[in-house]
Amino acid sequence: MALLSVDGLVVRFRTHEGTIHAVNGVSFDLDEGETLGIVGESGCGKSVTSLAIMRLLPKPAGRIEGGSVRFDGQDLLACSEAEMREMRGRDMAMIFQDPMTSLNPVLTIEEQMVETIQAHRKVGNEEARARAIELLTIVGIPEPENRLRAFPHQFSGGMRQRVMIAMALALAPKLLIADEPTTALDVTIQAQVLELLQRLTTETGTAAILITHDLGVVAGMTQRINVMYAGYIVEAAPTAELFAKPSHPYTVGLLHSIPRLDAVQGEELIPIEGAPPDQRRAPVGCPFAPRCAWRLPDCWTTNPPLVPVRAAEAVVTTGPGATHRVACHNSPTPGEAAAGRPLREGFVAAPPPSAVADELAVVVP
Amino acid sequence: MASGTVAVVRVAPRASRGLWGDAWRRLLRNRPALLGFVFIGVFVGTAVFAPLLAPHDPGALYPPPPDASSGATGPYPPRPEHLMGQDLQGRDEFTRVVYGARISLLVGLGSVIFGVIIGGFVGAIAGAAGGRADNVLMRVVDVLLAIPGILLAIGIVAWLDRGLPQITIAVAVTNAPIFARLLRGGLLAIRESDYVLAARSVGVPTRRLLLRHMLPNSLTPIIVAATLALATAIIDVAGLGFLGLGPPDPRTPEWGTMLTDSTKFLRAAPYLIFFPGLAIVISAVGFNLLGDGLRESLDPRLKK
């Protein structure tokens, strides 16, 4: 029984400009103590998925319109707001992207840490304070007794993110969601904060979801990776397997658009052409088709399901032996994945059917 | 370092004393705001120490100057015993201006405090509850804001009858919608902020979220608006007095009422207009300068 089980999650935002199809049926499981990476570019639904799990979507626009989220045997979507409040912090916690704005500027670090502890534990101020000092020591803040009285603006970005981590892990939650925890930090600090996160989640056995757009960040941190695109999971695999055998053109594109130190001399970066689809339209066909070099005529009309790469394999959703799955009609071969483009003789990406071309109103070469 | 001792140099970063400490320092560097402080000091000092400053009784009638022709009536021009002259009934104008500061401060402060409480309450409910409650409350606020303030105040005094408490309520009601709208707007913006989301993500209770996280962060515009509202409140109170809606007891030294009583002698006794008018200007300008200074020093975007 998985700790977290997301099944067919659909999240839409009802705005004045129309409906945003943010998450379009996402399913994944997470075992206790497991670390899962969710990778994708901005706007692909990574953050929305995690906010939906925490039931923290902005109201009233953001709505969970389908699917289920089961956590620790409970149906989260059926929980009352009061029950959710009890669980947040105690059983599940979240770290946000920007530590500069995630702490309240008018409250001291002490007040914010103590209130987090006291929200869930009936402890006195002294006891909560002692715990806060202990936590700050764990996350590596020097002179915690003095720093506790400081205001957030007296801390650097990296220090603030350490405080956020201390607060998120204050009650040893079963699940920690880290939403781009290092994006706003200096590169040198990034490594420290990631190392800290990894050490603490390993020590406490906390399951973690690490959300990022940086494949380099998840490579060393996670056991499994879900690649998301336009509100879909397009590829899911154990981390090593994903890097070894990327099977979705988008994953291939991501791997080829980041510079690598061990790259063969002269190997060029291949950027992914175009931009993510306009999510105000209900998706038709494969969402990646307009940017894909491997697309077939079918890709424009039918969105492929997420199925095992090796056909007829029984699907295992969690753990190191999780099945490598991909949602693609025309997976790149290992050779093509390495080259970053289709190598088949005479292969040309299928042009869009005229109806789709008109609707997309984009020039497809 | 021949001796081998290591000098530990503690480089103190420019001490930051938090949001309020920094704001206070910026305020003290703001010259107009300092002038505002001086004006307010004069005004509040006069009000507090009125019995010590005033040489006479504000309600008592005093004899005309000895050189006045028999049978002459007031007003009488300034002379050493009566620095600002005497009004129609022979009362000491200086004493009345001094005691008038008490009335203005009391009614002005009372109406702003009362207005902040009503407006803050309405704004907090609208901003925190949202949805239907927000809609209904804000439409009421819109209607109140659409009516010119002094007109609304006149209507309320006419309805409640004349008197200082009634004037206080009237001015409070005209000010309250501004505070309601400000607080609601602040709360709505802060509700979407990262730190409120972060606090919610660790399960901080709703009550605490509202009282400790959202309210303190939306108070700065209220503080600025309240200071500026003190200026308009003083003018509104004087305006009501000038329009004949001041306190019913003619012995009450209210600046606006004093002005209106003296308009008939504008040419013969301009001093009866000048001194109460000057008092109104000093107090109103004082709060305006301080309010502007506060706005600049509290707004981090204007940080130099």
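Described in the following lines is the structure provided in the data block. In this text, all values refer to a predicted model and were calculated from it rather than measured experimentally.

## Here we look at the overall build of chain B
Working step 1: When you go through chain B residue by residue, the secondary structure sums to 12 helices and zero strands.
Working step 2: If you list the helices and strands of chain B from N to C, you get α-α-α-α-α-α-α-α-α-α-α-α.
Working step 3: In terms of overall size, chain B is more extended than a compact globule, its C-alpha atoms giving a radius of gyration of 25 Å where 304 residues would be expected to give roughly 19 Å.
Working step 4: Expressed as lengths along the three principal axes of its C-alpha atoms, the size of chain B is roughly 90 × 70 × 25 Å.
Working step 5: A buried classification covers 46% of the 304 residues belonging to chain B.
Working step 6: Sequence separation of at least 24 residues holds for 71% of the intrachain contacts in chain B that already meet a minimum separation of 6.

## So, the interface of chain B and chain A
Interface extent is often summarised as the accessible area lost during association of the parts.
Working step 1: Residue-level contacts link 21 residues of chain B with 29 residues of chain A.
Working step 2: Mapped by element, the contributors of at least two residues to the side of chain B that touches chain A are helix 1 (18-28), helix 8 (194-201) and helix 9 (206-217) of chain B.
Working step 3: In terms of residue count, the dominant contributor to the side of chain B that touches chain A is helix 8 of chain B (seven residues).
Working step 4: Class assignment of the residues belonging to the side of chain B that touches chain A gives a composition of nine nonpolar, seven polar and five charged.

## Topic: the nonpolar core
Working step 1: A:Ala166 and A:Ala168 are the most contacted members of the largest nonpolar core, which totals 172 residues.
Working step 2: Broken down by element, this core gets its largest block of residues, 16 residues, from helix 10 (residues 220-245) of chain B.
Working step 3: With sequence-adjacent residues up to four places away left out, A:Ala168 is seen in contact with A:Ala93, A:Met94, A:Ile95, A:Leu176 and B:Val202.

## Regarding the pairing of strand 7 (residues 175-179) of chain A
Residues and elements named next belong to chain A.
Working step 1: When you tally the buried positions in strand 7, you get five out of five residues, the bulk of the element.
Working step 2: Covered by surrounding structure in strand 7 are Leu175, Ile177 and Asp179 together with Leu176 and Ala178, the residues of both alternating faces.
Working step 3: Alignment of strand 6 (residues 92-95) against strand 7, held across four bridges, turns out to be parallel. Each bridged residue has a counterpart across the sheet, and for methionine 94 the counterpart in strand 7 is isoleucine 177.
Working step 4: In the sheet, strand 7 pairs with strand 8 (residues 207-212) via five bridges, with the strands oriented parallel.

## Notes on unusual backbone geometry
Working step 1: Unusually for a residue other than glycine, A:Asp72 sits at a positive phi of about 55°.
Working step 2: With respect to the helices and strands, A:Asp72 occurs in the loop between strand 4 (62-71) and strand 5 (74-75).

## A short note on the sheet that holds strand 3 (residues 35-39) of chain A
Remark on secondary structure: sheet strands pair via backbone hydrogen bonds, oriented parallel or antiparallel.
All names here are of chain A.
Working step 1: Strand order in the open sheet formed by eight strands is 6-7-8-3-9-10-12-11, and the pairing between neighbours is mixed. Of all the strands in the sheet, just strand 6 and strand 11 (307-308) have a single pairing partner and so form its edges.
Working step 2: As judged from the two bridges shared by strand 11 and strand 12 (residues 325-326), these two strands associate in the antiparallel manner. Within strand 12, the residue paired with valine 307 across the bridge is valine 326.
Working step 3: Sitting on the sheet, helix 6 (residues 157-168) touches strand 6 and strand 7, and the angle it makes with strand 6 is about 175°.

## Describing the environment of B:Thr227
Residue and element names in this part refer to chain B.
Working step 1: Relative to the assigned elements, threonine 227 resides in helix 10.
Working step 2: A C-alpha to C-alpha distance of 21 Å links threonine 227 and methionine 214, two positions 13 residues apart in sequence.
Working step 3: When near neighbours in sequence (up to four residues on either side) are disregarded, threonine 227 contacts Phe287, Leu290, Gly291 and Leu294.

## Digging into the sheet that holds strand 1 (residues 4-15) of chain A
Residues and elements named next belong to chain A.
Working step 1: Across the sheet, four strands lie side by side as 2-1-4-5; this open sheet has antiparallel pairing. Taken across any chain shown, the strands that pair with only one partner, and hence form the sheet edges, are strand 2 (18-30) and strand 5.
Working step 2: Relative to strand 4, strand 1 runs antiparallel, the two being bridged by eight bridges. Looking across to strand 4, one finds that leucine 4 is bridged to phenylalanine 71.

## With respect to helix 10 (residues 249-256) of chain A
Residue and element names in this part refer to chain A.
Working step 1: Of all eight residues that make up helix 10, seven are buried, and the element is covered over most of its length.
Working step 2: Every buried residue of helix 10 is listed here: Pro249, Tyr250, Thr251, Val252, Gly253, Leu254 and His256.
Working step 3: Here the buried face of helix 10 lies against helix 8 (215-221), strand 9 (224-229), strand 10 (232-238), helix 9 (239-244) and helix 11 (334-339).

## Observations concerning the packing of helix 3 (residues 109-118) of chain A against helix 6 of chain A
All names here are of chain A.
Working step 1: Contact geometry for helix 3 and helix 6: axes closest at 9 Å, N-to-C directions at 20°. With respect to each other, helix 3 and helix 6 are oriented roughly parallel. Classified by chirality, the crossing of helix 6 by helix 3 is right-handed. Residues Ile109, Gln112, Met113 and Thr116 of helix 3 touch helix 6, and the partners they reach there are Val163, Ala166 and Met167.

## Here we look at the environment of B:Val173
Residues and elements named next belong to chain B.
Working step 1: By secondary structure assignment, the location of valine 173 is in helix 7 (residues 164-191).
Working step 2: For valine 173, a count of 20 C-beta atoms within 10 Å translates into the label buried.
Working step 3: Spatially, the C-alpha atom of valine 173 lies 23 Å from that of proline 216, the residues being 43 residues apart in sequence.
Working step 4: Discounting chain neighbours no more than four positions away, the residues touching valine 173 are Leu152 and Ile156.

Each value, and the rule that gives it
- Residues numbered from 1 in each chain as written.
- Chains lettered and ligands numbered in written order.
- Predicted model: local features only at pLDDT ≥ 70, side-chain atom pairs only at ≥ 80, totals over all residues.
- Helix = DSSP H or I, 4+ residues; strand = E, 2+ residues; numbered from the N terminus.
- Rg over C-alpha atoms; globule rule 2.2 N^0.38 Å.
- Buried ≥ 20, exposed ≤ 12 C-beta atoms within 10 Å, placed from the backbone.
- Contact = placed C-beta atoms within 7 Å.
- Nonpolar A, V, L, I, M, F, W, Y, C, P; charged D, E, K, R; others polar.
- Core = buried A, V, L, I, M, F, W, Y, C linked by C-beta atoms within 7 Å.
- Pairing = 2+ DSSP bridges.
- Axes fitted to C-alpha atoms, helices over the stretch in contact; angles between N-to-C directions.
- Parallel < 35°, antiparallel > 145°, perpendicular 65-115°, else oblique.
- Left-handed = near helix turned anticlockwise from the far one by under 90°.

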